[in-house]
Amino acid sequence: MCGIAGIFNNESGEHTPAEQQLISMLAAIRHRGPDESGIYLNQKIGLGHVRLSIIDIFSGQQPMAANNGQYRIVYNGELFNFPEIRHKLEKLGIQFTTQSDTEVVLKAYIQWGPSCLQQFNGQFSIAIWDNKKSELFLARDRLGIRPLFYTQTSSNFIFCSEIKGIFQLPYVDRKINHKALAQIFTFWTTITPYTPFEQIFELPPGHFMTINNKGTSQHRYWNLPFTQKKSDSSIPFETASEELLRLLKDSVKIRLRADVEVAAYLSGGLDSSITTALIHELSPAMLHTFSIGFKEAEFDETN
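Residues numbered from 1 in each chain as written. Predicted model: local features only at pLDDT ≥ 70, side-chain atom pairs only at ≥ 80, totals over all residues. Heavy atoms only, no water.

## Quick word on the overall build of the protein
The helix and strand tally for the protein stands at seven helices and 14 strands. Over its C-alpha trace the protein gives a radius of gyration of 21 Å, about what one expects of a compact globule, namely 19 Å for 303 residues. If one aligns the C-alpha atoms of the protein with their principal axes, the spans along those axes are about 65 × 55 × 45 Å. Burial statistics for the protein: of 303 residues in total, 45% are counted as buried. The contacts of the protein with a sequence gap of at least 6 include a subset with a gap of at least 24, amounting to 57%. Roughly 17,000 Å² of accessible area belongs to the protein as shown, and the carbon and sulfur atoms make up 53% of that amount. Side chains of the protein carry 28 positive and 31 negative charges; the gap between the two charge centres is 7 Å. (Helix = DSSP H or I, 4+ residues; strand = E, 2+ residues; numbered from the N terminus. Rg over C-alpha atoms; globule rule 2.2 N^0.38 Å. Buried < 20%, exposed > 50% of the residue type's maximum accessible area, 1.4 Å probe, protein only. Contact = heavy atoms within 4.5 Å. Areas by Shrake-Rupley, 256 points an atom, 1.4 Å probe, with all protein chains shown as cover. Lys, Arg positive; Asp, Glu negative; His and termini not counted. Charge placed at Lys NZ, Arg CZ, Asp CG, Glu CD.)

## Quick word on unusual backbone geometry
The peptide bond linking Gln-62 to Pro-63 adopts the cis configuration, its omega dihedral lying at 0°. Note that Pro-63 resides in the loop between strand E3 (45-51) and strand E4 (64-66). The peptide bond linking Thr-192 to Pro-193 adopts the cis configuration, its omega dihedral lying at 15°. Locating Pro-193 in the fold gives a position in the loop between helix H5 (178-187) and strand E10 (201-202). Positive phi is not limited to glycine here, since Asn-68 has a value of about 55°. By relative accessible area, Asn-68 is classed as exposed at 87%. For Ser-134, which is not glycine, the phi torsion reads 50° and is therefore positive. Among the structural elements, Ser-134 can be located in the loop between strand E6 (122-130) and strand E7 (135-140).

## Description of the nonpolar core
Formed by 26 residues in total, the largest nonpolar core has its most connected members in Ile-73, Leu-79, Leu-117, Phe-120, Ile-126 and Ile-128. Among the secondary structure elements, those contributing two or more residues to this core are E4, strand E5 (71-79), helix H2 (82-91), helix H3 (101-112), E6 and E7. Among the elements that line this core, the one with the most residues is H3, at five residues. Among all residues touching Leu-117, those that are not within four sequence positions of it are Phe-124, Ile-126, Phe-137, Ala-139, Arg-142, Phe-208 and Tyr-221. (Core = buried A, V, L, I, M, F, W, Y, C linked by side-chain atoms within 4.5 Å.)

## Examining the sheet that holds E5
On the basis of which strands lie adjacent, the open sheet formed by six strands has the order E4-E5-E6-E7-E11-E12 and antiparallel pairing. With partners counted over all chains shown, the strands left at the sheet margins are E4 and strand E12 (215-220), one partner each. Direction aside, neighbouring strands of the sheet carry axes that sit 20° apart on average. Here E5 pairs with E6 via nine bridges, running antiparallel. (Pairing = 2+ DSSP bridges. Axes fitted to C-alpha atoms, helices over the stretch in contact; angles between N-to-C directions.)

Structural data, given as structure tokens:
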């Protein structure tokens, strides 16, 4: 799962990032990454990471540096097509020192800038610091599978995988957002970018941000396309079924890339049963399944 945190200090900032602040932020999200933790710190930026090791267990530590320390990354998630992107970069002469997807994300950004996101197939929250530009880059996957929250004070921009990490800083106010609370009671959740707390925001899915001394800017890099096809252009049911199965298999297969064992939560419902069946078909030796039961009959689905 992993977790990331960071503090950016603008030119007029009075709260210079401190190691203890980052330690407190990471302690609040330690459950996201029990295997390792790391911190990078200078006068402008503090970056923190807690790691759950999945890819390149022995050399994928973060924060990770590149280009003699000009760039630093903390990253939560998985880039499913990282071998293909790595191959593209290697053909351009880019060299790698690890086998991790984190290094691929970082060097793809260095090579292509924010447009690298168009090539990413995965679930991720990314924070990259450019020391030369004194600029922070944040990005979130297309559907917002991985969380990323932030707030802006008079002197600092703060981000974290969970809101509780942001609240570890004593100068961040804790106030209920009553408009967002109404959204929760109406829709069961807040409407992005709002959260239950005032001035605590969520980076929307399919967006990236840049933060520097001039301020912040936010951009959408992906949106779900809705196209209305005419009835005479529809494809036969059997053809559609075959294509759906092909896409499902491809989607499952690319998610089996890991240096640790793979498991599936099996509820007995349609979604998890199909996913588990496809994993068993594609790689029967690697699969472990887990199911959860409840003593309360109204919640229990074990039968």
